[in-house]
Amino acid sequence: MSKYKHFAESLDTAFKTARERYMDSYNDVKAAEKRVADANAEAKYGKLSKEEAEILRDEAAIALRKAEIVFNNAQENV
């Protein structure tokens, strides 16, 4: 069994790294979703001009899309 120990350790390390990347990207998606919700609330109830609110929402939506792309890539690696 010790003959294959290094394979098991390599596999374990690879899995832990993939899981860590997955969880990091998942947390980034959740943070981006919150940012979108906050931007929508700020646009609706805040004291921003229409243009400022639109920019804020667009930036949040872009950040969310980027986070989703990274998450999908991480998901494929797990």
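Just so we're clear, the structure is a prediction, and the values are computed from it rather than from any experiment.

Asks: Explanation requested: the side chain of S25 in the structure shown.
Replies: Topologically, S25 is positioned in helix α1 (residues 5–45). In this structure S25 comes out as buried when scored by relative accessible area, which is 3%. Among the polar contacts made by the side chain of S25, one reaches the main-chain carbonyl oxygen of Y22 at a distance of 2.9 Å.

Asks: Would you take a moment to explain the nonpolar core for this structure?
Replies: Grouped burial of nonpolar side chains is what soluble globular proteins tend to show. Judged by nonpolar contacts, V29, A32, V36, A39, A60, L64, A67 and F71 together constitute the single largest core of 8 residues. Breaking this core down by element, the ones donating at least two residues are α1 and α2 (50–77).

Asks: Where do I start with α2 in this structure?
Replies: Given 3.6 residues to a turn, an α-helix orients residues that are three or four positions apart in the same direction. Between its terminal C-alpha atoms α2 stretches 41 Å, which fits the 40 Å expected from 28 residues at 1.5 Å a residue. Among all positions in α2, only A53, A60, L64, A67, F71 and A74 are buried. The inward-facing, buried residues of α2 contact α1.

Asks: I would appreciate a short explanation of the pattern of salt bridges in the present structure.
Replies: A side chain of one charge can pair with a side chain of the opposite charge if their charged atoms are brought near each other. Under the definition given, this model contains 5 salt bridges. Ionic pairing is found between E33 and K30, a salt bridge with its closest N-O pair at 3.3 Å. Residue E33 and its partner K30 are located together in helix α1, separated by 3 residues, close to a single helical turn. When its relative accessible area of 40% is taken as the criterion, K30 is described as partly exposed.

Asks: Please explain the packing of aromatic side chains as it appears in this structure.
Replies: What describes a pair of aromatic rings is the distance from one ring centre to the other and the angle between the planes of the rings. Applying the stated criterion to the full structure yields 3 aromatic pairs. Here a set of aromatic residues connected by ring pairs shows up, and it is made of Y22, Y26 and F71.

Asks: Could you clarify how one ought to interpret the packing of α1 against α2 in this entry?
Replies: Each pair of packed helices gets described by two things: the angle between the helix axes and the distance between those axes. Remark: α1 packs on α2, axes separated minimally by 8 Å, with the N-to-C direction vectors making an angle of 165°. When the axes of α1 and α2 are compared, the pair comes out roughly antiparallel. Pair α1 / α2 crosses with left-handed handedness. For the contact of α1 with α2, the residue count by class is 18 nonpolar, 4 polar and 8 charged.

Reading the values: rules and limits
The written sequence of each chain sets the order in which its residues are numbered from 1. With pLDDT at 70 or above as the cut-off, local features in this predicted model cover only qualifying residues; side-chain atom pairs require 80 or more to be listed or tallied, and sums for whole chains, interfaces and linings still use all residues. To obtain the side-chain values, all non-hydrogen atoms of the structure were used and water was disregarded. By the criteria applied, helices consist of DSSP H or I runs no shorter than four residues and strands consist of E runs no shorter than two, each listed in order from the N terminus. For every residue, the accessible area (1.4 Å probe, protein chains only) is compared with the maximum for its type, and the residue is labelled buried under 20%, exposed over 50%, or partly exposed between those bounds. In protein, a polar contact requires one atom able to donate a hydrogen and another able to accept it; more generally it is a pair of N or O atoms within 3.5 Å, and residues adjacent in sequence count only if both atoms are side-chain atoms. By convention a nonpolar core is built from buried Ala, Val, Leu, Ile, Met, Phe, Trp, Tyr and Cys residues, the set being connected through side-chain atoms within 4.5 Å. A helix is expected to reach a length of 1.5 Å times the quantity of its residues less one. It only takes one pair of heavy atoms within 4.5 Å for two residues to be counted as in contact. We define a salt bridge as a side-chain nitrogen of Lys or Arg found within 4 Å of a carboxyl oxygen belonging to Asp or Glu. For Phe, Tyr and Trp, rings pair up if their centres lie within 6.5 Å, where Trp contributes its six-membered ring, and each pair is then called stacked (planes under 30 degrees apart), edge-to-face (over 60) or tilted (otherwise). Fitted lines through C-alpha atoms serve as axes, helices being fitted only where they are in contact, and the angles separating the N-to-C directions of these axes extend from 0 to 180 degrees. Each angle gets one of four labels, with under 35 degrees taken as roughly parallel, over 145 as roughly antiparallel, 65 to 115 as roughly perpendicular, and the rest as oblique. By the definition used in this description, the sense in which the near helix is turned from the far one sets the handedness, with an anticlockwise turn below a right angle giving left-handed and a clockwise turn giving right-handed. Side-chain classes follow a simple rule in which Ala, Val, Leu, Ile, Met, Phe, Trp, Tyr, Cys and Pro form the nonpolar group, Asp, Glu, Lys and Arg form the charged group, and the remainder, Gly included, forms the polar group.

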